[in-house]
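Architecture at a glance
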Amino acid sequence: MITLGIETSCDETALCLLQTEGNKYNVFGNIVHSQIDIHRGFGGVVPMLAKREHIKNLPILYKKIIEESKIKENDIDRIAVTYGPGLEPALWTGILFAKELSEKIHKPIYPINHMEGHIVSVMIDNQFGELKKVDFPALAILISGGHTEIVNARELGKYEILGTTLDDALGEAFDKVARMLQLPYPGGPEISRLAERAREENIKNEIRLPRPMIHSKDLNFSFSGLKTSVLYTLRDMGEINQDQIKDLCREFEDSVTEVLMIKTKQALENQEYRSLVVGGGVIANKHIRKMFENLANQYSIPLYLPIPEITGDNALMIALAGALNTTKPSVEGLVAIGNLSLRN
Ligand code: KG4
Ligand code: ZN
C-alpha cells in the first residue's frame, strides 16, 4: 500500500510517499521544504505568509516527489493529511490540496492529528525496514514549538492527555529566550549549541534559574516564569559576555530538562507503562535525548525517540499515521482545526 503524506501545519511544506506491507516499510520520497528564511526576519511564523508559500510550493513539490520516486499518481492508495493542530490558514492549504487530489485519483483521505504524527515518528529508523514495535500502553512526552504534553497512549489512536503547559510550549520558550539573547529564529538549536559549548569548555555555572512546577502534584508545566527570570537576569547583568551567554543557555537547558525529567518520573510512578515515547521538534536536543536515555535506563523501560532527521515537522510521520489506520477516512466533514487535541 502506498500512502501520500501531506503536512502544512506550520512553516514546513512537506510531502512523503510511503509504502507499507504489514510491518515493512519503504520511504519512496520524503520532502521537507522549510520556509524559515522567509519568517526569520519576523522572529516567528507569519500565518498568512506560510499559507501563501504552501499554496505556491505544494504543486511543485508534488510534481517533484512523483517524478523522483517514479511512482504513478494512480498507484497512491490513500492520502494522509494533517488537519490540526496548527495554523488554520496553513492547515487549509494541505487539506484543499488533498481534496483536489482525492477527487482526481479517487482515493480516500485520512485526516491526521499532527501530534499523533510525532508519536508514530519513533517507529521509523531508516529509509526502509521494519517498523519498530512500540508496546502499549506507552507514556508519550510531546515537546514541540506549539505543544508540551504528557500523554497516556493506551494504544494507537487512543490517547489521554495527563498534563500540558499552562502557558508557553517548551520549543516556544527556547525560541523566546533565544530572541532575548538576539540569537536567530528558531532559537532551540542555537541555545542547544551554546549550552553544549558551555559544557565542553567547562564554563563555570554562575547563573541560576528556577525549576518551575517541580513541586506541583500534577503533570502540568509552565515556562513563562522561567522566561521572565531570564529577562530579569539579563537586565540585572547589564553587559553580558560570550561565556555568560553560554552559561545562561546551559542553565536554561538544564532547568527545562530537569523539569521534564521530574514530570516524566512522576508520570511513570503513577501508572504502569510498557514503553516511553518522546516526540516533537525539541527532541532534536542532544542533552534532552541523553537525559531521557538515562531516565529510561533507570526505570528499565524501553525508550523510543525519533531519528534526528524526523524530529522536526515532516510528512513521513503523517503518512505513517495514515498507513497505520489511526483514523477513519473522511472527506465531507474534513476541516482544519487549529486547536485540535489528542483524544480517545
Ligand atoms: O515539532 P516542531 O518542528 O514544530 C511544531 O510542531 O511546533 O518543533 C519546533 C520547535 C521549535 O520551537 C524549535 O526551536 C525547537 O522545536 N527545536 C529545538 C531544537 N531543535 C528544534 N529545541 C531545543 N533544542 C533543539 N536542538
Ligand atoms: Zn510538530
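The coordinates are above.
Below is a summary of the structure that appears in this document. (Residues numbered from 1 in each chain as written. Chains lettered and ligands numbered in written order. Predicted model: local features only at pLDDT ≥ 70, side-chain atom pairs only at ≥ 80, totals over all residues. Heavy atoms only, no water.)

**A short note on the coordination of the zinc ion (ligand 2)**
- Taken together, His114 (NE2), His118 (NE2) and Asp313 (OD) make up the protein donors of the zinc ion (ligand 2), found 2.1 to 2.2 Å from the metal.
- In the primary sequence, the donor residues of the zinc ion (ligand 2) line up as H-x3-H-x194-D. Of this pair, His118 sits in helix H4 (residues 114-120) while Asp313 sits in the loop between strand S11 (303-304) and helix H10 (316-323), placing them 195 residues apart in sequence. (Donors = N, O, S within 2.8 Å, 3.2 Å for Na, K, Ca; no water. Helix = DSSP H or I, 4+ residues; strand = E, 2+ residues; numbered from the N terminus.)

**Details of the state of the cysteines**
- Tallied over the full model, the rule gives 0 disulfides.
- Here Cys10 stays unpaired: no disulfide links it, and the sulfur of Cys16, its closest cysteine neighbor, is 19 Å away. (Disulfide = S-S within 2.5 Å.)

**Things to note about the packing of helix H5 (residues 170-180) against helix H7 (residues 224-237)**
- Contact geometry of H5 with H7 gives a least axis separation of 10 Å together with a crossing angle of 10°. One way to sum up the angle between H5 and H7 is to call them roughly parallel. Seen from above, H5 lies across H7 with right-handed handedness. Contact with H5, carried on its side by Lys176, Val177 and Met180, involves Lys227, Val230, Leu231 and Leu234 of H7 and no other residues of that element.
- Its residues placed into classes, the contact of H5 with H7 shows 5 nonpolar, no polar and 2 charged. (Axes fitted to C-alpha atoms, helices over the stretch in contact; angles between N-to-C directions. Parallel < 35°, antiparallel > 145°, perpendicular 65-115°, else oblique. Left-handed = near helix turned anticlockwise from the far one by under 90°. Contact = heavy atoms within 4.5 Å. Nonpolar A, V, L, I, M, F, W, Y, C, P; charged D, E, K, R; others polar.)

**Some remarks on the packing of aromatic side chains**
- For the coordinates displayed, the defined rule picks out 3 aromatic pairs.
- Aromatic pair Phe174 and Phe252: ring centres 5.1 Å apart, planes at 85°, arrangement edge-to-face. Remark: Phe252 occurs in helix H8 (residues 242-270) and Phe174 occurs in helix H5; sequence separation between them is 78 residues.
- Judged by its relative accessible area of 3%, Phe174 falls in the buried class.
- For the pair Phe221 and Phe223, a centre-to-centre distance of 5.8 Å together with 20° between the ring planes defines the contact as stacked. Grouping residues by exposure puts Phe221 and Phe223 together as buried. (Phe/Tyr/Trp six-rings, centres within 6.5 Å; stacked < 30°, edge-to-face > 60°. Buried < 20%, exposed > 50% of the residue type's maximum accessible area, 1.4 Å probe, protein only.)

**Let's talk about the site of ligand 1**
- Neighbouring ligand 1 are 19 residues; Gly145, Asp175, Gly281, Asn285 and Asp313 lie closest to it.
- Interatomic distance of 2.8 Å between a backbone N/O atom of Gly145 and an oxygen atom of ligand 1.
- Between an oxygen atom of ligand 1 and a side-chain N or O atom of Asp175, the distance comes to 2.6 Å.
- Coverage of ligand 1 by the protein chains reaches 86% of its 560 Å² of free accessible surface.
- Mapped onto the shell around ligand 1, the elements with two or more residues apiece are H4, H5 and helix H6 (187-200).
- Among the residues making up the shell around ligand 1, the classes are represented as 5 nonpolar, 12 polar and 2 charged. (Near = heavy atom within 4 Å. Polar contact = N/O pair within 3.5 Å; in protein donor to acceptor, adjacent residues only side chain to side chain. Areas by Shrake-Rupley, 256 points an atom, 1.4 Å probe, with all protein chains shown as cover.)

**Overview of the side chain of Glu149**
- Looking at where Glu149 falls in the secondary structure, it is placed in strand S8 (residues 148-155).
- Lacking a salt bridge, the buried Glu149 has Arg343 as its closest oppositely charged neighbour, with an N-O distance of 11 Å.
- Aside from chain neighbours lying at most four places away, what touches Glu149 is Met115, Ala140, Ile141, Leu142, Ile161, Gly163, Thr164 and Leu342. (Lys, Arg positive; Asp, Glu negative; His and termini not counted. Salt bridge = Lys/Arg side-chain N within 4 Å of Asp/Glu carboxyl O.)

**Some thoughts on the sheet that holds strand S5 (residues 109-113)**
- Pairing in this open sheet of 6 strands is mixed, and the strands run S5-S4-S1-S2-S3-S6 from one edge to the other. In this open sheet, the two strands that pair with only one neighbour each are S5 and strand S6 (128-130). Ignoring strand direction, the axes of neighbouring strands in this sheet form an average angle of 25°.
- Relative to strand S3 (residues 24-34), strand S2 (residues 12-21) runs antiparallel, the two being bridged by 10 bridges. If you follow Glu21 over to S3, its bridge partner there is Lys24.
- Lying on the sheet, H10 is in contact with strand S1 (2-7), S2, S3, strand S4 (78-84) and S5; it crosses S4 at an angle near 115°. (Pairing = 2+ DSSP bridges.)

**Some remarks on the environment of Val256**
- Locating Val256 in the fold gives a position in helix H8.
- When the C-alpha atoms of Val256 and Ala173 are compared, they prove to be 9.4 Å apart, with 83 residues separating the residues in sequence.
- Leaving out residues up to four positions away in the same chain, Val256 has contacts with Leu170, Phe174, Phe223 and Leu226.

**Considering the pairing of strand S10 (residues 275-279)**
- For S10, the tally of buried residues reaches 5 of 5 residues, placing the bulk of the element in the interior.
- Where burial is concerned, the two faces of S10 agree: the one with Ser275, Val277 and Gly279 and the one with Leu276 and Val278 are both buried.
- Where S10 meets S11, 2 bridges bridge the pair, whose relative direction is parallel. Bridging across to S11, Leu276 finds its partner in Leu303.
- In this region the chain leaves S10, passes through helix H9 (residues 286-298) and returns to the parallel neighbour S11; the handedness of that crossover is right-handed. (Right-handed = clockwise from strand over helix to strand, strands pointing away.)

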